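# Commentary on secondary and tertiary structure
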Amino acid sequence: MMKGYLWVLLLTMTSMECVAGLSEAAKAYNVKDYQTAFKEFLPLATNGHASAQFNLGVMYYNGKGVAQDYSQAVMWYRKAAAQGHASAQFNLGFMYDNGKGVAQDYSQAVGWYRKAAAQGDADAQSKLGIMHRYGQGVPQNHSQAADWFRKAAAQGDADAQGVLGNMYYNGEGVAQNYSQAVLWYRKAADQGNADAQFLLGAMYYNGEGVAQDYSETVHWSRKAANQGHASAQNALGFMYDNGKGVAQDYSQAVGWYRKAAAQGNADAQGALGFMYDKGRGVAQDYSQAVGWYRKAGTQGHSRSLNNLGVFYEFGQLSAKNLVLAHIFYNLAAVNGNEKSVENRDQVTQQLTSAQLSEAQKIASQWVKGQALPTITKTYPSSSKKGK
């Protein structure tokens, strides 16, 4: 994330005239009179004041008081960075990192991040962790990545704390240690980091690094869910659905599944389809069930694909269609659903060779993310395998 306007750094001036100019610029900026702020910063920046140069860079970057111009932002960041201004060094690294105002250059980004990190800039330390983790501008080195994330995390950087928790959980660059993962997740979660809150809830659910405690799962999932975290919303729906850590409440489950499903979470879409399928927390509605199964199935959600197969095999919503049933069972099997293998094989026995060839061809041509197959020709069914 790009660093923004900083007034605190402007108070390091010795010249009373400069202090006055900076004070006027700050007042104007704080009341969103950006044109006046720009006019006040400009002469100071031209005379070599690093903080004024930095703030001009920010204004050019955001298009405040002046037309947005990344190349001008880079120019002013560079001037301030050359004087050792840590935030300017970070922002210049960010511009190279993302190819804004300059050609993307990870090596240059790393160089400027290093300068800022050497001054203790936590954002730069975290960015260096990312660069080492993914081999951008430096050879990939998970151990070095963990070291940089740890430096930033020790300064309270919530994102770095969360990533460090992930690295301990997966044994990435450090020895796998669930207790350490919990420790760092908790630090980030306590600062409101939604990813960490969700993951800490998962640790309590699985009893990894902590004693299993479903009520704690609900507690942390709810915190993340209230911030709009889709996976946490789905997890909270699951807890209500199954009465884990809370009293079973299908209506609450549906509410949370719906929030996650609206964000495209395939597990939640499939679960919401199942709630409509069975009439749990909502009136039974096969049309709604199929609609949500299709949304999830488009993402390769295997249980939803299998359930679509059941609908077409038994004609629960429309006429029976064994070819479509075979297609969806086949797609579910490819995506790891074991039940669908048996279902598919049973339907196979009832298809003609032409029908089987058609079903296999359509399934083989489908790619995850595309609309699911639809055909209008119908075929009778005598299969008995359900959901």
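Since this is a predicted model, take the numbers as computed values, not measurements. Just so you know, the residues in each chain are numbered from 1, in the order the chain's sequence is written. Selection of residues for local features in this predicted model requires a pLDDT of at least 70, selection of side-chain atom pairs for listing and counting requires 80 or more, and totals for whole chains, interfaces and linings are taken over all residues. Based on all heavy atoms of the structure, the side-chain values leave hydrogens and waters out of the count.

## Thoughts on the layout of surface pockets
- Put plainly, a pocket is an open set of points on a 1 Å grid over the protein atoms alone with protein on both sides within 12 Å along at least five of seven lines, a cavity is a set where a 1.4 Å probe fits but cannot get out, and a lining residue has an atom within 4 Å of a point. Grid points are joined across faces, edges and corners, and a volume is the space filled by probe spheres set on the points. Its boundaries defined by the atoms lining it, the largest pocket holds a volume of some 440 Å³.
- Within the residue set of the lining of the largest pocket, elements represented by two or more residues are α11 (194-206), α12 (214-225), α13 (230-242), α15 (266-278) and α17 (302-314).
- Quantified by volume, the second largest pocket comes out at close to 230 Å³.
- Every residue lining the second largest pocket is listed: Met-1, Phe-90, Asp-123, Ser-126, Lys-127, Ile-130, Phe-149, Asp-157, Asp-159 and Val-163.
- In this description a helix means any DSSP run of H or I spanning at least four residues, a strand means any run of E spanning at least two, and both kinds are numbered starting from the N terminus. Sorting the residues of the lining of the second largest pocket by element identifies α7 (122-134) and α9 (158-170) as the ones contributing at least two each.
- Looking at which element gives the most residues to the lining of the second largest pocket, the answer is α7, with 4 residues.

## Brief notes about the packing of aromatic side chains
- Each Phe, Tyr or Trp ring, with Trp reduced to its six-membered ring, pairs with another whose centre is within 6.5 Å; inter-plane angles below 30 degrees give stacked pairs, above 60 give edge-to-face pairs, and intermediate values give tilted ones. What the rule picks out here adds up to 12 aromatic pairs.
- The structure contains a cluster of three or more aromatic residues connected by ring pairs, namely Tyr-61, Tyr-70 and Phe-94.
- It is Lys-187 that lies over the ring of Trp-184; its NZ or CZ is 5.7 Å from the centre.
- Two conditions define a charge located above a ring, namely a distance within 6 Å from the ring centre to NZ of Lys or CZ of Arg, and an angle within 35 degrees of the ring normal. Residue placement shows Arg-303 over the ring face of Phe-274; its charged tip is 4.2 Å from the ring centre.

## Re the environment of Ala-122
- Tracing the backbone through its elements, the reader meets Ala-122 in helix α7.
- Categorising residues by exposure relies on relative accessible area from a 1.4 Å probe, with only protein chains included: less than 20% of the type maximum marks a residue as buried, more than 50% marks it as exposed, and the intermediate range marks it as partly exposed. Judged by its relative accessible area of 17%, Ala-122 falls in the buried class.
- It is 35 Å that separates the C-alpha atoms of Ala-122 and Ala-261, two residues lying 139 residues apart in sequence.

## Regarding the packing of helix α4 (residues 70-82) against helix α5 (residues 86-98)
- Simply put, an axis is a line fit to the C-alpha atoms, just over the touching stretch for a helix, and the angle between two N-to-C directions goes from 0 to 180 degrees. Where α4 meets α5, the axes come as close as 8 Å, and the angle between the chain directions of the two elements is 140 degrees. Here α5 runs oblique to α4, going by the angle between their axes. Of the two elements, α4 crosses α5, and the hand of that crossing is left-handed. Facing α4, whose interface residues are Tyr-70, Ala-73, Val-74, Tyr-77, Arg-78, Ala-80 and Ala-81, α5 presents Ala-88, Gln-89, Asn-91, Leu-92, Met-95 and Tyr-96. Angles below 35 degrees are treated as roughly parallel, those above 145 as roughly antiparallel, those between 65 and 115 as roughly perpendicular, and all remaining angles as oblique. Each helix crossing is assigned a hand: it is left-handed if the near helix lies turned anticlockwise from the far helix by less than a right angle, otherwise right-handed if that turn is clockwise. Working rule for contacts: check all heavy atoms of both residues, and any pair within 4.5 Å makes them a contact.

## What about the pattern of salt bridges?
- Each reported salt bridge corresponds to a side-chain nitrogen of Lys or Arg within 4 Å of a carboxyl oxygen of Asp or Glu. Applying the stated criterion across every chain yields a total of 5 salt bridges.
- Residue Lys-3 pairs with Asp-123 through a salt bridge whose shortest N-O separation is 2.6 Å. Here Asp-123 lies in helix α7 and Lys-3 lies in the segment before α1 (16-30), a separation of 120 residues in the sequence.
- When its relative accessible area of 16% is taken as the criterion, Lys-3 is described as buried.

## Here we look at the packing of helix α18 (residues 322-334) against helix α20 (residues 353-365)
- In the contact formed by α18 and α20, the axes pass within 9 Å of each other and the chain directions differ by 45 degrees. When the interaxial angle is binned, α18 and α20 end up oblique. Crossing geometry of α18 relative to α20 is assigned as right-handed. Taking contact as the criterion, the partners of Val-323, His-326, Ile-327, Asn-330 and Leu-331 in α18 are, on α20, Gln-355, Leu-356, Glu-358, Ala-359, Gln-360, Ile-362 and Ala-363.
- Basically, the charged four are Asp, Glu, Lys and Arg, the nonpolar ten are Ala, Val, Leu, Ile, Met, Phe, Trp, Tyr, Cys and Pro, and anything else, Gly included, counts as polar. The residue inventory of the contact of α18 with α20, partitioned by class, reads 7 nonpolar, 4 polar and 1 charged.

## Let's talk about the confidence of the model for the protein chain
- Counting all residues, the mean pLDDT for the protein chain is 93, and 93% of those residues have values of 70 or more.
- Confidence of the predictor at the level of single residues is captured by pLDDT, which takes values from 0 to 100. Within the model, pLDDT remains below 50 along residues 7-14, and this stretch shows 17 contacts once partners closer than five positions in the same chain are excluded.
- In this model, residues 381-386 is a region of pLDDT below 50 whose contacts with residues beyond four sequence positions or in other chains number 22 contacts.

## Here we look at helix α10 (residues 178-190)
- Expected span of a helix: the number of residues minus one, times 1.5 Å. Here α10 is 13 residues long and its end C-alpha atoms lie 18 Å apart, about the 18 Å a rise of 1.5 Å per residue gives.
- The inward-facing, buried residues of α10 contact α8 (142-154), α9, α11 and α12.
- The term polar contact refers here to a pair of N or O atoms within 3.5 Å; inside protein, the definition further demands a hydrogen-donor-capable atom paired with an acceptor-capable atom, and it admits residues adjacent in sequence only when both atoms are side-chain atoms. Measuring from the side-chain oxygen of the N-cap residue of α10 to the backbone nitrogen of Ser-179 gives 3.0 Å; that N-cap residue is Asn-177.
- Taken from the residues just after α10, Gly-192 is the one with a positive phi, measuring 95 degrees.

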